[in-house]
Amino acid sequence: MSRQTRTLLAAMLEQPRRWQYGYDLSKQTGLKSGTLYPLLQRLNEGGLLEAKWQDPQVPGRPPRHAYRLTAQGLGFARELRTDEVVHAWPAGARA
Amino acid sequence: MAGGCTRVRPEIQRRIAQALAEHAGRVMPDAEWADAMRFEVQEIEDDGEALHWAMGCVLAGYREGAMIALQAKPARWLFAIVMLGLAWREFFAPLLTLAYKLGDAPLARLLGRLTPGDDYRRFIPLMDATPLWIQAMWVMSAVLLIAAAVALLWKKRAAFGLFASAMLLEIAGTLISRQIPAYHAAFAFTSFHWMRDVAIPAAQIVSPVLMAVALWAMTERTPRSSS
């Protein structure tokens with residue numbers, strides 16, 4: 001799994017039940033749109049992320065695509081985080 | 001890049017951003033995701049940032065379009081055929097050497113006609129000087145290329161790894177063989193030939209690199225079968 005995917009999952013895990021937008025995720029993760037959207041699409045295809053259209057908050061603007069982790073994605077992201085924490089610990093501390 | 005964009009007037013930046021976002025929406029294969037990217041530009045207040053965002057969207061659109069095309073059966077078959085062609089190239093020198101060492105003159109002559117100069121005999125000093133382990137590297141590279149072609153046709157993620165390993169072996173073998181004095185004698189030509197001296201060597205460098213990039217992108221998109 002790529003570093004960018006891990007970064008995105010970690011960012012989405014911070015507010016797991018909240019619907020988030022592409023631009024906000026980009027600012028949060030530092031990922032450019034050219035990287036972010038293919039990742040979001042891939043995670044969506046893999047069932048780790050759900051997407052929905054939200055009505056515009058400002059009249060006259062188009063609807064907005066919002067994202068959040070699915071239950072499967074949440075479990076996967078948590079597992080990934082635990083795995084990273086365990087691997088980041090020195091071997092002696094783990095024993 | 002940001003510095004360059006700040007020199008352009010904000011309203012022009014916004015107009016370019018909108019145009020790019022529209023273009024990205026057209027080239028992105030999936031309509032829902034195309035709209036998602038396109039509409040998001042309007043939520044970005046800063047014109048320069050909107051422009052950068054839209055440029056990324058164009059990149060994403062083309063990348064996704066290319067990925068879809070590369071995933072298609074004709075593209076995979078084309079790549080597999082090119083890989084088999086590369087495998088044949090890897091097998092060629094060991095096969096010619098084998099034919100020569102076994103004294104199979106008809107086969108050596110036949111293969112020699114496919115070499116620059118059309119005569120295998122000028123390669124005899126090189127074939128005598130090339131150690132067996134370098135030939136083994138090329139054979140191994142050919143085997144890996146065939147495996148990569150099969151993996152690609154079966155949509156296996158291993159295709160990239162196999163192809164990259166084959167290319168590394170090929171490059172290592174070629175670089176080492178070029179240290180052999182007989183190599184330069186075998187490939188010394190009195191006159192310059194654009195196709196032989198420039199176009200073919202350039203294609204031999206560029207095409208595997210492009211193929212490796214495409215394979216990497218293709219396998220990145222292929223879901224892991226284990227998860």
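Residues numbered from 1 in each chain as written. Chains lettered and ligands numbered in written order. Predicted model: local features only at pLDDT ≥ 70, side-chain atom pairs only at ≥ 80, totals over all residues. Heavy atoms only, no water.

Novice: Looking at this structure, how should I read the overall build of chain A?
Specialist: Of the regular secondary structure elements, chain A holds five helices and three strands. In sequence order, chain A lays out its α and β elements as α-β-α-α-β-β-α-α. The burial tally for chain A puts 42% of its 95 residues in the buried class. Residue pairs in contact within chain A that sit at least 24 positions apart in sequence constitute 56% of those at least 6 positions apart. Carbon and sulfur atoms provide 52% of the accessible area of chain A, an area that totals close to 5,200 Å². (Helix = DSSP H or I, 4+ residues; strand = E, 2+ residues; numbered from the N terminus. Buried < 20%, exposed > 50% of the residue type's maximum accessible area, 1.4 Å probe, protein only. Contact = heavy atoms within 4.5 Å. Areas by Shrake-Rupley, 256 points an atom, 1.4 Å probe, with all protein chains shown as cover.)

Novice: Help me understand unusual backbone geometry, please; the structure alone is not making it clear to me.
Specialist: What you tend to see is this: most non-glycine residues have negative phi, and most peptide bonds are trans. Positioned with a positive phi, Lys155(B) is a non-glycine residue whose angle comes to about 55°. Structurally, the position occupied by Lys155(B) is in the loop between α8 (132-153) and α9 (158-177).

Novice: I would appreciate a short explanation of the interface of chain B and chain A in the present structure.
Specialist: For interface size, the figure often reported is the accessible area lost on association. Listed by partner, the interface residues are 23 residues for chain B and 22 residues for chain A. With both sides pooled, the region where chain B packs onto chain A buries about 2,200 Å², and carbon together with sulfur makes up 55% of that total. When the buried area of chain B at its contact with chain A is split by residue, Trp33(B), Glu43(B) and Trp53(B) rank highest and sum to 31% of it. The interface formed by chain B and chain A includes five salt bridges. A salt bridge links Glu43(B) to Arg61(A); the nearest nitrogen and oxygen atoms lie 3.1 Å apart. Linking chain B with chain A are 10 residue pairs in polar contact (both at pLDDT 80 or more). The set of elements that each furnish at least two residues to the side of chain B that touches chain A consists of α3 (31-40) and α4 (47-71) of chain B. (Buried area = accessible area lost by both parts, 1.4 Å probe. Salt bridge = Lys/Arg side-chain N within 4 Å of Asp/Glu carboxyl O. Polar contact = N/O pair within 3.5 Å; in protein donor to acceptor, adjacent residues only side chain to side chain.)

Novice: Is there a simple way to explain the packing of helix α1 (residues 3-14) of chain A against helix α3 (residues 33-45) of chain A in this structure?
Specialist: Packed helices, taken two at a time, are described by their axes: the angle between them and the distance between them. All names here are of chain A. Closest axis-to-axis distance for the α1/α3 pair is 11 Å, and the angle between their directions is 75°. Regarding the angle of α1 to α3, the classification is roughly perpendicular. Taken together, the residues of α3 that come into contact with α1 (itself represented by Gln-4, Thr-5, Leu-8 and Leu-9) are Thr-35, Leu-36, Leu-39, Leu-40 and Leu-43. (Axes fitted to C-alpha atoms, helices over the stretch in contact; angles between N-to-C directions. Parallel < 35°, antiparallel > 145°, perpendicular 65-115°, else oblique.)

Novice: Would you mind going over the sheet that holds strand β1 (residues 20-21) of chain A with me for this structure?
Specialist: Strand pairing within a sheet occurs via backbone hydrogen bonds; the two strands may be parallel or antiparallel. Residues and elements named next belong to chain A. Strands sit in the order β1-β3-β2 across an open sheet of three strands; the sheet is antiparallel. Every interior strand has two partners, whereas the edge strands, β1 and β2 (49-54), have only one. Bridging between β2 and strand β3 (residues 64-69) involves six bridges; their strand directions are antiparallel. For Ala-51, the partnering residue across the bridge sits in β3 and is Tyr-67. Set on the sheet, α3 makes contact with β2 and β3; between it and β2 the angle comes to about 115°. (Pairing = 2+ DSSP bridges.)

Novice: Looking at this structure, how should I read the side chain of Glu170(B)?
Specialist: Locating Glu170(B) in the fold gives a position in helix α9. Glu170(B) has contacts with Arg89(B), Glu90(B), Trp138(B) and Ser141(B), leaving out every residue within four places of it along the chain.

Novice: Sorry, what's going on with the domain arrangement of chain B here?
Specialist: Residues and elements named next belong to chain B. Domains assigned within chain B are domain 1 (2-70) and domain 2 (72-221). Computed over C-alpha atoms, the centres of domain 1 and domain 2 are 42 Å apart. Contacts between the two partners involve five residues from domain 1 and, on the opposite side, eight residues from domain 2. Per-residue buried area on domain 1 facing domain 2 is highest for Met-67, Ile-68 and Leu-70; these three make up 78% of the total on that side. For the interface between domain 1 and domain 2, the tally reads zero salt bridges. Across the contact surface, domain 1 and domain 2 share two residue pairs in polar contact (both at pLDDT 80 or more). When the residues that make up the side of domain 1 that touches domain 2 are grouped by side-chain class, the tally is four nonpolar, no polar and one charged. (Domains from an automatic or database assignment. Nonpolar A, V, L, I, M, F, W, Y, C, P; charged D, E, K, R; others polar.)

Novice: How should the side chain of Gln54(A) be read in this particular structure?
Specialist: Residues and elements named next belong to chain A. In this fold, Gln-54 is placed in strand β2. Note on Gln-54: relative accessible area 17%, which makes it buried. Engagement of the side chain of Gln-54 in a polar contact is seen with the side chain of Tyr-21, the distance being 2.4 Å. Leave out the neighbours within four places in its chain, and Gln-54 touches Trp-19, Tyr-21, Pro-63, Arg-64 and Ala-66.

Novice: Whenever I open this one, the packing of aromatic side chains confuses me. Can you help?
Specialist: Pairs of aromatic rings are described using the distance from one ring centre to the other and the angle between the two planes. A full pass over the atoms with the stated rule returns six aromatic pairs over all chains. Taking 5.6 Å as the distance between ring centres and 10° as the angle between the ring planes, the aromatic pair formed by Tyr67(A) and Trp33(B) counts as stacked. Of this pair, Tyr67(A) sits in strand β3 while Trp33(B) sits in helix α3, each in a different chain. For the pair shown, Tyr67(A) and Trp33(B) are each scored as buried. With centroids separated by 5.7 Å and ring planes inclined at 80°, the aromatic side chains of Trp88(B) and Phe92(B) adopt a geometry described as edge-to-face. In this pair, Trp88(B) and Phe92(B) both sit in helix α5 (residues 73-101), four residues apart, roughly one turn of the helix. Using a relative accessible area of 41% as the deciding quantity, one classes Trp88(B) as partly exposed. (Phe/Tyr/Trp six-rings, centres within 6.5 Å; stacked < 30°, edge-to-face > 60°.)

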